Amino acid sequence: TGHLPGSASLLLALPAYPPPSCQQTKIHLIQFIVTMIPYSVNIKLAARTLTGTLNLQNKTAVDWGWQGLIAQGCHSSILIIDPKTSQTIQVLERHKANVVKVKWSRENYHHSLSSPYSLRLASADSAGKIIVWDVVSGTAHCEIQEHSKPIQDMDWLWTQDASRDLLLAIHPPNYIVLWNGDTGTKLWKKSYAENILSFSFDPFDPSNLALLTSEGIVFISDFSHSKPPGSGGKKVYIASPHASPAHTKPVPAALPAPTGAKKALNKVKVLITNEKPTAEAVTLNADCLQLSYLPSKRNHMLLLYPREILILDLELSQTVGVVAIERSGVPFIQVIPCAQRDALFCLHENGCITLRVCRSTTAPDESDPEQSVQELVYDLRSQCDAIRVTKTVRPYRMVICPVNENNAALAVSDGRVMLWELKAHVSKPTVNPSSGLSPLYAPVAFCGSPLGQNQKKIQDLSLNTMIGQSLVSGADPPPPSLQQEVQLKFLLTGLLSGLPLPPFALRMCPPLTTKNINHYQPLLAVGTSNGSVLVYNLTSGLLHKDLSVHSCEVKGIEWVSLTSFLSFATSTPNNAGLVRNELQHVDLPTGRCFAFRGEQGNDEPAIEMMKVSHLKQYLVVVFRDKPLELWDVRTGTLLREMAKNFPTVTALEWSPSHNLKSLKKKQLLAREAMARYTTLSDTEQSSVESSVISLLQDAESKSEGGGQAISAREHFVFTDTDGQVYHITVEGNTVKDGARIPPDGSMGSIACIAWKGDTLVLGDVDGNLNFWDLKARLSRGIPTHRGWVKKIRFAPGKGNQKLLVMYTDGAEVWDTKEVNMVSSLRIGRNVNYRILDIDWCTSDKVVLASEDGCIRVLEMAMKSASYRMDEQDLTDPVWCPYLLLPRAALTLKAFLLLQPWSGTFTMDITQVYVSALNGSHINPLESIYDMKSVLLDPELNLLQRCLLVSRLFGDESDLQFWTVAAHYLQSFAQARHLSVPVPEGQTPAEGTQATPQGHLDIYHDTLCESFYFQRFQLERVHLQEVKRSSYEHTKKCADQLLLLGQTDRAVQLLLETSADNPSYYCDSLKACLVTTITSSGPSQSTIKLVATNMIANGKLAEGVQLLCLIDKAADACRYLQTYGEWNRAAWLAKVRLNPAESSDVLKRWAEHLCSPQVNQKSKAILVLLSLGCFHKVGEMLQSMRYFDRAALFIEACLKYGVMELIGAAFVDYARLLRTLGLRESAAFWASRAGGAGEQLLEELFQGEGAVPEETEGLENTE
């Protein structure tokens, strides 16, 4: 494809005789085209869909993936949106029914050539079909169908070590089915007693799943991909407790009287597990909108009601926090809990998104522990503007970016997508905040490391860089130098809007020719029901102009040049059947509109159609009950209004033939003759015949004003109600009536005419098409049996005799040369929408407006299909490595991660990259200009770079690994640094400045430091204790306190048991036991014996408690592990054991995680990182073939001096880089590997310039 000005890709549409393969002969040079003028040229347009308003069933169909793109269902199509540049980059079409759910696959695995970065999306429709897509090519991996009811919910499994393809779906009413999303095979299916509405995976434990059913919640604790859950799960009902007097605490006098929101807390709901609650309580579940686990801390769950959000602690099945709306507030529709911080994004019914952040449980100045937290409080920290809600416009769903959690997108029912970004502004510290909110602090660090002196940093990179960690009681706040006070604001950074509601009137601008090739733009004008005309550029699919032209529905549009058009609209008729007609002339570049028919147009019969002649000279306007008008388009004057007795027009078309060429020839001759005539001598003059001169002058006068105002002769034909065909000639301002052709008996009332070359086609109201060959004077009638022929149009391009026909139930393409049908589209057969209007947009593509509010550009075969993303002509470059070839994406990643081989960092990827991209036109680096300066910054250390690149790539497993690795590498290096005697002149305090923020965030759960984890658990028990409302709760609290070693408080709780409780005696004795335990040998051995017997007889929890009482927690952990309670053992080790013992327990856990039946090696690696077993991690990464991660990790360890070299890992990475075509970097790593790398170095440099065989093999397999 040759590239011409405006990068128009050119294709020649040859005459339609040869098979389609030769039809698209590619050419290289413009001279070629010029010599072959007979053929039309067309700018290659991608097939695409312009979408409009959403259907109610699309409400929940929107998802924002780790890949950085948003998928959204619109009727039966799926839009793929790039939120950074707010453009639609793909529309997937294959569903027949409305799409109800879309889900991007997770990226929680290590990416390599064998498991590349790819865009996988699952979508489900209201007919129960699930399609798994390869989004880049727009094709389906597999289609899944189980029942024919709408899929209620679906999600990909997030543990991807064993398999990345597993998809869990709810098939109504009560089945959950696990599918392999790659092959479409069903792994297992399980039914439940109640109707299932939605589900939520526990983000901390893959074996836990919660189902929200019509009656309550079902907890499944044995979820696995290998077999369906064994039991029916633990059923839980939601109800209001009747607070027993024993547990109501007196309200401290200091607190204000409860307001509306506070009263709601008094009716807090709890979960009852045993019996079905009363009818009144069941209704409480009916309005539960949503259930989700909190990804920010383990064992917490959120339930959403229209006026409140409940935060439950699942260990107690008890509410520990409530976000309630005041009486005048706007109800919730949806809430998304964040992982990086304990924060909630809430969507309200007015389209307002609010961010609520959990308040730090201790304000630093509070000394009285009793005054401390009574419940989890979520403070409103930021909110965006609401939208105007009307009957047709309401907010549907919000999604947030899973990588950074600081961007939200709102899908509105009218097809808009609003992109909001959260920004942090550094604010002056307030002395006494009037709002009553404690200030928010942001950490002064970048990508997990303290900020260098003049290091560049990306503002607002992610939620955890904008908001510091919430403090817990007993933990020291970070020093002021490491944080700054901020305020959060939402900023609207993007907006996508769809088409308005149908009906539409379509008209494509005049076709591309050799004359207009330099400035041609493929513009489509769309007239809408509210009177505006939208002009779309079909190369990019973007809105070019939105013009408010009329005050009522646009009925038709005709272009009069490449940049101007006429459009007409008619108001609703009055009692006399008269309307207001508006006929406007619009100039696109300036947007200037004027009324073409001047003042007339009020109270007259409606305009039925208007037709512009081929040379754009004349315009015919046809009215319902009034003779037609003939206008001159160039001067805007009325040439003729036909007489009253003029026949009623049913169809009309201008002839393509005209005398412009002969006129121009005559004019040229006249000019030459005149020139000759003036140079002749008198005698010769007289001999020239005077008749010739008069003829010449006549021709010249006709073409006065040179070229422009030649009035060529043009013709049009029309039919009357009897089917008689009239022929009328227009020249200048003379109108002549020509021949009449009597009606054809086989045809009904003629509805439309099309004329091109020597072919004239008539269509009637009964579905007959009549093809006239004017040269051979033959006519041929074809009954299509499709009913009323609404419209017929010939395709552009010389010699192209294809015809597009529109019926009430669809459309067809005919070849008028052969008189046969090429393709057909019919409601109910291959589409489920009605066609409203049609047109050709190039010589081989049609554009259809349909009732589902979409406008589709289709190939002539009219099969609606997704397009390939790499064929797209995007206006803004998109950063999405997932769009690249697998190999190119990995090359790009390696390139960004480390390039010290050239001594300086560079962003000029071309030399390295051309080989890997092999011809793809995406240069991904154009689109991350804000990142460039940071990536080029020499102050950016290796760990920061790895973290930043994993964020850029949206690589979940990379991000998790580097977050934990960066934290522990720095803290272990720090500890080592501090154990060295401090050099003179430096205080130890200065040394500690370099620590990352104190501790890992609590969402890493058991990977956190023990001291922080312990404090967090203590605080949690304190909260549970405040909130308990029954004996069960009290008992659980006492058990937790005993495990945590808080014996005094546990005794108090045990003594609370009332005398009529069956456990009264038992609890009293237990209290005595706890207080009298001494460390004398005999009592210890007795208790240990009892504990081991209890454990042997199935009372594991009680036995573990006794062991903890006599400080034998290490034994307790061992027993827990023996009985498979691995998580519980890790928890206990964290809160009770000294580092050495705890480390043993956790190492055993890591070994268990590596075992083939568990297969969670990535989790095991994180556990080992938290223990500082860096050498083991390096070896494991290498044995798992994670070569890039292994080499970079070892390199980072060497920099921090916490480990010695593993040369083999460097050699493996060098080999990988060589296969990616990065020779310099391969040489760099091989040279770093010491002796192990020597052989590879030799290989690299002996065949200078030769491609190693290995890579060639790889390229062929790609």
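Numbering of residues begins from 1 in every chain and follows the order in which that chain's sequence is written. The model is predicted, so local features are restricted to residues of pLDDT at least 70 and side-chain atom pairs to those at 80 or more, both for listing and for counting; the totals for chains, interfaces and linings are taken over all residues. Think of the side-chain values as coming from all heavy atoms in the structure, minus any hydrogens and water.

Looking at an unreviewed UniProt entry, one finds the protein chain named WD repeat-containing protein 11 and attributed to Oncorhynchus tshawytscha.

## Focus on the overall build of the protein chain
Counting secondary structure elements, the protein chain contains 30 helices and 63 strands. The buried label applies to any residue whose accessible area, calculated with a 1.4 Å probe on protein chains only, is under 20% of its type's maximum; exposed applies above 50%, and partly exposed to all values in between. Counting over 1262 residues, the protein chain shows a buried share of 54%. Contact criterion: two residues are considered in contact whenever any of their non-hydrogen atoms come within 4.5 Å of each other. Sequence separation of 24 or more characterises 56% of the internal contacts of the protein chain that already satisfy a separation of 6 or more. Taken as a whole, the protein chain presents about 54700 Å² of accessible surface, with 53% of it coming from carbon and sulfur. Only runs of H or I of at least four residues qualify as helices and only runs of E of at least two qualify as strands under DSSP, and these elements are numbered from the N terminus. Each accessible area is a Shrake-Rupley estimate made with a 1.4 Å probe; only the visible protein chains count as cover when residues are assessed.

## Details of the pairing of strand β52 (residues 734–741)
By the convention used here, strands pair only if DSSP detects at least 2 bridges between them. As paired elements, strand β51 (residues 725–731) and β52 share 6 bridges and run antiparallel to each other. Its bridge partner lying in β52, tyrosine 726 is registered against arginine 740. Remark: 2 residues form the turn of the hairpin made by β51 and β52, two consecutive strands paired antiparallel; glycine 732 in that turn has positive phi of roughly 60°.

## Here we look at the pattern of salt bridges
Here the idea is simple: oppositely charged side chains can pair when their charged atoms come close. We count a salt bridge whenever a side-chain nitrogen from Lys or Arg sits within 4 Å of a carboxyl oxygen from Asp or Glu. The tally for this structure, following the rule as stated, stands at 48 salt bridges. For arginine 359, the salt bridge is made with aspartate 379, and the minimal N-O distance between the two is 2.8 Å. Here the residue arginine 359 occupies a position in the loop between β28 (353–358) and β29 (378–383), and aspartate 379 occupies one in strand β29, the gap between them amounting to 20 residues. Its salt-bridge partner being aspartate 1115, residue arginine 1118 comes within 3.3 Å of it at the nearest N-O pair. Taken together, the residues span about one helical turn, with arginine 1118 and aspartate 1115 both in helix α21 (residues 1113–1122) at a distance of 3 residues. What makes arginine 1118 partly exposed here is its relative accessible area of 42%. A relative accessible area of 17% means that aspartate 1115 is categorised as buried. When salt bridges that share partners are traced, they join Arg507, Glu558, Arg793 and Asp839 into one network.

## Things to note about the sheet that holds strand β47 (residues 629–632)
The sheet built from 4 strands is open, its strands ordered β45-β46-β47-β48 with antiparallel pairing. Looking at the sheet topology across the chains shown, the edges are occupied by β45 (607–612) and β48 (637–641). On average, each strand axis in the sheet is inclined to that of its neighbour by 20°, with strand direction left out of account. Of the pairings in the sheet, the one linking β47 to β48 comprises 4 bridges and is antiparallel in character. Comment: axis = line fitted to C-alpha atoms, over the contacting stretch for helices; angle = value between 0 and 180 degrees taken between N-to-C directions.

## Focus on unusual backbone geometry
A cis amide bond links proline 172 to the next residue, proline 173, at an omega of -5°. Inspection of the secondary structure assignment puts proline 173 in the loop between β14 (166–171) and β15 (175–180). Cis peptide bonds are those with omega within 30 degrees of zero, and the linkage from proline 502 to proline 503 qualifies with 5°. Even without being a glycine, aspartate 1005 presents a positive backbone phi close to 50°. Within the fold, aspartate 1005 resides in the loop between α14 (988–992) and α15 (1010–1027).

## So, the side chain of threonine 528
Within the secondary structure, threonine 528 sits in the loop between β38 (523–527) and β39 (532–537). Looking at threonine 528, the relative accessible area reads 0%, which means it is buried. In contact with threonine 528, other than residues within four places in its own chain, are Pro500, Pro503, Phe504, Leu534, Glu553 and Val554.

## Focus: the environment of tyrosine 536
The residue tyrosine 536 is located in strand β39 in this model. Using a relative accessible area of 6% as the deciding quantity, one classes tyrosine 536 as buried. As for tyrosine 536 and leucine 524, which are separated by 12 residues in sequence, their C-alpha atoms are 5.2 Å apart. Apart from the residues lying within four places of it in its own chain, the contact partners of tyrosine 536 are Leu50, Leu499, Pro522, Leu523, Leu524, Val526, Gly541, Leu542, Leu543 and His544.

## As for the packing of helix α9 (residues 886–897) against helix α12 (residues 942–953)
Between α9 and α12, the least distance of the axes is 9 Å, while the angle of their chain directions is 150°. Relative to α12, the element α9 is oriented roughly antiparallel. Regarding α9 and α12, the two cross each other, and that crossing is right-handed. For the pair α9 and α12, the contacting residues are Ala889, Leu892, Lys893, Leu896 and Leu897 in the first and Leu942, Arg945, Cys946, Val949 and Phe953 in the second. Note on residue classes: Ala, Val, Leu, Ile, Met, Phe, Trp, Tyr, Cys and Pro are nonpolar, Asp, Glu, Lys and Arg are charged, and everything else, Gly too, is polar. Split into classes, the residues belonging to the contact of α9 with α12 amount to 8 nonpolar, no polar and 2 charged. Should an angle fall under 35 degrees it is called roughly parallel, over 145 degrees roughly antiparallel, and 65 to 115 degrees roughly perpendicular, with every other angle called oblique. Crossing handedness is defined as follows: a turn of the near helix away from the far one that is anticlockwise and smaller than a right angle gives a left-handed crossing, while the clockwise case is right-handed.

## Re the side chain of arginine 1189
Note that arginine 1189 resides in helix α26 (residues 1187–1200). Not counting the four nearest positions on each side in its chain, arginine 1189 is found in contact with His110, Ser957, Asp958, Phe961, Trp962 and Leu1181.

## Considering the packing of helix α22 (residues 1126–1136) against helix α23 (residues 1139–1154)
What describes two packed helices is the angle between their axes and the distance between those same axes. It is the contact of α22 with α23, at a shortest axis distance of 9 Å, that shows an interaxial angle of 160°. Here α22 lies roughly antiparallel to α23, going by the angle between them. Considering the relative orientation of α22 and α23, their crossing is left-handed. Packed against α22, whose contacting residues are Trp1126, Asn1127, Ala1129, Ala1130, Ala1133 and Lys1134, the element α23 presents Ser1142, Val1145, Leu1146, Arg1148, Trp1149 and His1152 at the interface. Class assignment of the residues belonging to the contact of α22 with α23 gives a composition of 7 nonpolar, 3 polar and 2 charged.

## Some remarks on the packing of aromatic side chains
Stacked, tilted and edge-to-face pairs are distinguished by plane angle, under 30 degrees for stacked and over 60 for edge-to-face with tilted covering the rest, among Phe, Tyr and Trp rings (Trp via its six-membered ring) whose centres lie within 6.5 Å. Counted under the stated rule, the structure contains 23 aromatic pairs. Between phenylalanine 961 and tryptophan 962, the aromatic rings sit 5.0 Å apart at their centres with planes inclined by 85°, giving edge-to-face as the arrangement. Taken individually, phenylalanine 961 and tryptophan 962 each receive the classification buried, so the pair is uniform in this respect. Relative to phenylalanine 1193, the ring of phenylalanine 961 lies with its centre 5.6 Å away and its plane at 70°, an arrangement referred to as edge-to-face. Residue phenylalanine 961 is located in helix α13 (residues 956–979), and its partner phenylalanine 1193 is located in helix α26; the two are separated by 232 residues in the primary sequence. For the pair formed by phenylalanine 961 and phenylalanine 1193, the shared burial category is buried. Feature note: the residues Tyr618, Phe646, Trp654, Phe716, Phe718 and Tyr726 constitute an aromatic cluster, connected by ring pairs. The rule for a charge over a ring is simple: NZ of Lys or CZ of Arg within 6 Å of the ring centre, and within 35 degrees of the ring normal. The cationic tip of lysine 190 hangs over the ring face of tyrosine 192; the distance from NZ or CZ to the ring centre is 5.3 Å.

## What about the sheet that holds strand β63 (residues 855–859)?
One open sheet accounts for 4 strands, arranged β4-β63-β62-β61; its pairing is antiparallel. The open sheet has two edge strands with one neighbour each: β4 (48–50) and β61 (835–842). This sheet shows a mean twist of 20° between the axes of neighbouring strands, independent of strand direction.

## Structural notes on the confidence of the model for the protein chain
Looking at the protein chain, pLDDT values average 81 and 81% of them are 70 or higher. pLDDT expresses, on a scale from 0 to 100, how confident the predictor is about each individual residue. Segment residues 363–371 is flagged for pLDDT under 50; beyond a separation of four residues in sequence, or across chains, it makes 1 contact in the model.

## What to know about α26
The span you would expect from a helix comes to 1.5 Å times its residue count less one. For α26, which comprises 14 residues, the first-to-last C-alpha distance of 20 Å matches the rise-based estimate of 20 Å (1.5 Å per residue) to within 8%. In terms of burial, α26 is a largely internal element, 11 of the 14 residues being buried. Taken together, the buried positions of α26 are occupied by Phe1187, Asp1188, Arg1189, Ala1190, Ala1191, Leu1192, Phe1193, Ile1194, Glu1195, Ala1196 and Cys1197.

## Some words on the nonpolar core
What is meant by a nonpolar core is a set of buried Ala, Val, Leu, Ile, Met, Phe, Trp, Tyr and Cys residues, joined one to another through side-chain atoms within 4.5 Å. In terms of nonpolar packing, the biggest core is built from 162 residues, with Ile80, Leu121, Leu1132, Phe1193 and Trp1229 touching the most fellow members. If one sorts the elements of this core by residue count, α13 sits on top with 9 residues. With sequence-adjacent residues up to four places away left out, isoleucine 80 is seen in contact with Leu69, Ile70, Ala71, Gln87, Thr88, Ile89, Gln90, Leu92, Trp104, Leu121, Val135 and Met869. Membership of the second largest hydrophobic core comes to 33 residues, among which are Leu512, Ile517, Tyr536 and Val586.

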